[in-house]
Amino acid sequence: MENEIIKRLIYLLTSILLMGCSKNETRYHDDAEDPGLAIFSNTGNNILSCFIDGNAWRTVSRTTSGYSQGTSYEVSIEKKSTNGINDTLIITWLGYFEGSENNEGYLGLHIAVPSNFNYRNLSGLQGQRLNIDSTNGFFATNIRGLNSGNSKGSGSFYFHTARFDSVGRSSYSGVMSGLFDANFNSFKITKGRFDHTVSGAQIHF
């Protein structure tokens, strides 16, 4: 009986430890020239940062918590079908203003792509500088404290790195990094930079 109780206690403590263990997979390196922003990098630091009307905004940290909770990601990529000639590629980042971790919002990039666009075409974005002008795409936000309404932002987006490979049936992984800026009706996003590794769990085609 005593041995059984000890076994149960060991199992319970092990479960609590496994559930409670959390690994931060985001690496933040402060930009000395622009305090509040992470440096521009292409080493898989899993972070996006930018200024929104001069205020630092960054993505949530990518964290892995225990076996049951899995990983919380800062960025996702999906393709949505439309009724038109083109579909829409959507990259969405979750983040917050510096010092306001509990007020999460999102920043999104919507790009028109051919209906047969697939993960192989993601690699074709490397080195591409896109002029986002509402004809070929737009920026979108839902960030508390910004009076953006349903407005669509214009600007530019540069894929410094975009490399993606298949790692199994309908499963892909890759890396992407780059720079961007955006102009909405009531605010501007400047000095944006991003750097991510991307797993199959983040790509939805």
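That block above? That's the structure.
Rules of the game
- Residues numbered from 1 in each chain as written.
- Predicted model: local features only at pLDDT ≥ 70, side-chain atom pairs only at ≥ 80, totals over all residues.
- Heavy atoms only, no water.
- Salt bridge = Lys/Arg side-chain N within 4 Å of Asp/Glu carboxyl O.
- Helix = DSSP H or I, 4+ residues; strand = E, 2+ residues; numbered from the N terminus.
- Buried < 20%, exposed > 50% of the residue type's maximum accessible area, 1.4 Å probe, protein only.

Digging into the pattern of salt bridges
In step 1: The full count for this structure, using the stated rule, is four salt bridges.
In step 2: Here R193 ties to D31 by a salt bridge, and the two come within 3.2 Å at their closest N and O atoms. Placement of R193 in strand 13 (residues 188-198) and of D31 in the loop between strand 1 (22-24) and strand 2 (47-52) is noted, with a sequence separation of 162 residues between them. Each member of the pair, R193 as well as D31, is classed as buried.
In step 3: As a salt-bridge pair, R62 and E74 come within 2.9 Å of each other at their nearest N and O atoms. Of the two residues, R62 is situated in the loop between strand 3 (55-59) and strand 4 (63-65) and E74 in the loop between strand 5 (70-72) and strand 6 (75-80); the sequence distance between them amounts to 12 residues.

What to know about unusual backbone geometry
In step 1: Phi angles above zero are rare outside glycine, and N46 is one such case at about 55 degrees.
In step 2: Locating N46 in the fold gives a position in the loop between strand 1 and strand 2.
In step 3: N46 gets classed as buried once you look at its relative accessible area, which sits at 3%.
In step 4: Not every positive phi belongs to a glycine, and K191 is a case in point at roughly 55 degrees.
In step 5: Here K191 lies in strand 13.

Interpretation in functional terms is not warranted from these geometric data alone.
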